[in-house]
Amino acid sequence: MSSPVTRFAPSPTGRLHLGNVRTALFNYLLARREGGRFLLRIEDSDRARGGEDLLEALLVDLRWLGLEWDAGPGAEDEWGPYLQSERDPLYAEAYATLEQGGRAYPCFCSALELEVSRKTQLAAGQPPRYAGTCRDLDDEARTARIRDGRQPSLRFRVDPGKTVSFDDLVRGPQAFVTDDLGDFVIRRAEGAPMFFFCNALDDALMRVTHVLRGEDHLSNTPRQLLLLEALGMSAPVYGHLPLLLGREGRPLSKREDSAGLHSLRQAGFLPAAILNYLLRLGHAGAPDGWVEPADLPSAFNLDKVGRAPAHFDESQLLHWQREAVNRLDPAALAAWMASAVGELDADRLTTLAAVAGRNLNFPAEARDWAGVLYGELPPMEPAATLAIQEAGPAFFAAALEALDSEGPDLAKITALVRARTGSKGARLYMPLRAALTGLTHGPELAPLLKAMDPMLLRRRLAAQAGHAGETT
Ligand code: GLU
């Protein structure tokens, strides 16, 4: 494959969700793997729905994930602009070429006329397609309609009796009969271009060679191939990815918050976790284990992208999140947790990260551990209360004595408690953990003890030893 040019072409009509982020990733990986280029084009030709804020948010989210584009907004080159709303002159040129070559014609049919025609065809058991009413109007007839104040749309003339075939990169050979397509509108009466028209034209003008996109666009492809052929432009090869389905088996939508990239980011998911998760969605080429972001391109194999729909599985995503958290270096771990425990000074944050960081799934969980080390215990788990009751005050009195004589040294404390009470194994460690953290699980206890505010440590043991008021 000679240096592919791929692109991601989102419409800024909502936040990105994992379905379209996967499309972006696969295009990105295809380009990176072969030393090609990855473009970002913003499909905002339907200006009514988009917005500056959504566009900005989209750019920020993609950059956060690490999907940097070689050309696109903020990285213009000679093939730009990369916002469709700034490309009207190019579309106008293409309309003119098609019209002059007889490949497109003005259509004066009103929405009502089209609807009546559609219903009549359906009633006759025929697939609805344009009846050709304005196909062969002469100049005189056109002028008369324009004089009547009728605003025409522009319709592409499809040759009947042909077949449009192409080899889909994912779905294999495809064939569409032109008789099923009928002449289609490429510019609406009010002047706005149709989505699939700009999309095809821009791909060609931007020298895109490979388009991976959702299979909901498969039916656009034959029309796009016809358009590009009529314009004498070379078309990219297309691969239509199966949709990503949400919990109810429906395609993910911009409204599905749990799979929204921004929501995941706010919850504290790490980019590398999301990338590892997406790499495996509908793609069987990835190795079983963790892949570093820099190695993702070589772990991607387009031949291993399947046709079966993929399902969004939060537990899988969480698995990769755990893997990602475990791989953060201490500074990155502290930075990741900082948003949730902003009130801690830098030293305490570093200690907290070192002691508890790798046990967390999300930064918000760091708040409980900040309380354990430096403030209030979170609400006591029932199992922790039970472990404390079973150990009894004498257990904690021994622990307190050991703490006072030996300092916060778990081995020495447990040695003395064992000698005094005969407790061993879980009965020795669990009550200590429970009294000090309010929990029966968590990070290693010895470093936790060392990191804990000494006064809190003493107070928590004293409280369980029955010296409730003691605070020295
Ligand atoms: N703007 C289209 C979308 O967001 C892009 C389709 C394509 O990739 O060709 O679905």
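In this report, the structure presented in the accompanying data block is examined. (Residues numbered from 1 in each chain as written. Predicted model: local features only at pLDDT ≥ 70, side-chain atom pairs only at ≥ 80, totals over all residues. Heavy atoms only, no water.)

Observations concerning the overall build of the chain
Regarding its fold elements, the chain presents 19 helices and 11 strands. For the chain, the C-alpha radius of gyration of 32 Å lies well beyond 23 Å, the compact-globule estimate for 472 residues. For the chain, with 472 residues in total, the buried portion stands at 48%. Looking at the chain as shown, the accessible area adds up to about 22000 Å², and 52% of this sits on carbon and sulfur atoms. (Helix = DSSP H or I, 4+ residues; strand = E, 2+ residues; numbered from the N terminus. Rg over C-alpha atoms; globule rule 2.2 N^0.38 Å. Buried < 20%, exposed > 50% of the residue type's maximum accessible area, 1.4 Å probe, protein only. Areas by Shrake-Rupley, 256 points an atom, 1.4 Å probe, with all protein chains shown as cover.)

As for the site of the ligand
Every residue close to the ligand is listed here: Arg-7, Ala-9, Pro-10, Ser-11, Glu-43, Phe-195, Asn-199, Arg-213 and His-217. Here an oxygen atom of the ligand and a side-chain polar atom of Arg-7 are 2.6 Å apart. A distance of 2.7 Å separates an oxygen atom of the ligand from a polar atom in the side chain of His-217. Tallied by class, the residues present in the shell around the ligand amount to 3 nonpolar, 3 polar and 3 charged. (Near = heavy atom within 4 Å. Polar contact = N/O pair within 3.5 Å; in protein donor to acceptor, adjacent residues only side chain to side chain. Nonpolar A, V, L, I, M, F, W, Y, C, P; charged D, E, K, R; others polar.)

Quick word on the nonpolar core
Among the nonpolar cores identified, the biggest contains 102 residues, and Leu-18, Leu-62, Ile-274, Met-337 and Leu-352 are the most heavily contacted of them. Per-element tally for this core: the top contributor is helix α15 (residues 382-406), with 10 residues. Other than its neighbours up to four places away in sequence, Leu-352 contacts Met-337, Val-341, Leu-344, Gly-357, Ala-366, Trp-369, Ala-370, Leu-373 and Tyr-374. Val-5, Phe-166, Leu-201 and Met-206 belong to the second-largest nonpolar core, a separate cluster that totals 35 residues. (Core = buried A, V, L, I, M, F, W, Y, C linked by side-chain atoms within 4.5 Å. Contact = heavy atoms within 4.5 Å.)

Quick look at the pattern of salt bridges
All chains considered together, the criterion is met by 23 salt bridges. Arg-327 is the partner of Glu-323 in a salt bridge, and the nearest nitrogen-oxygen pair spans 2.8 Å. Several salt bridges share partner residues, and in doing so they unite Arg-7, Arg-41, Glu-43, Arg-87, Asp-202 and Asp-203 into one network. (Salt bridge = Lys/Arg side-chain N within 4 Å of Asp/Glu carboxyl O.)

Some remarks on helix α14 (residues 366-374)
An α-helix turns once per 3.6 residues; consequently, residues spaced three or four apart project the same way. Burial within α14 is extensive, with 7 of its 9 residues counted as buried. Taken together, the buried positions of α14 are occupied by Ala-366, Trp-369, Ala-370, Gly-371, Val-372, Leu-373 and Tyr-374.

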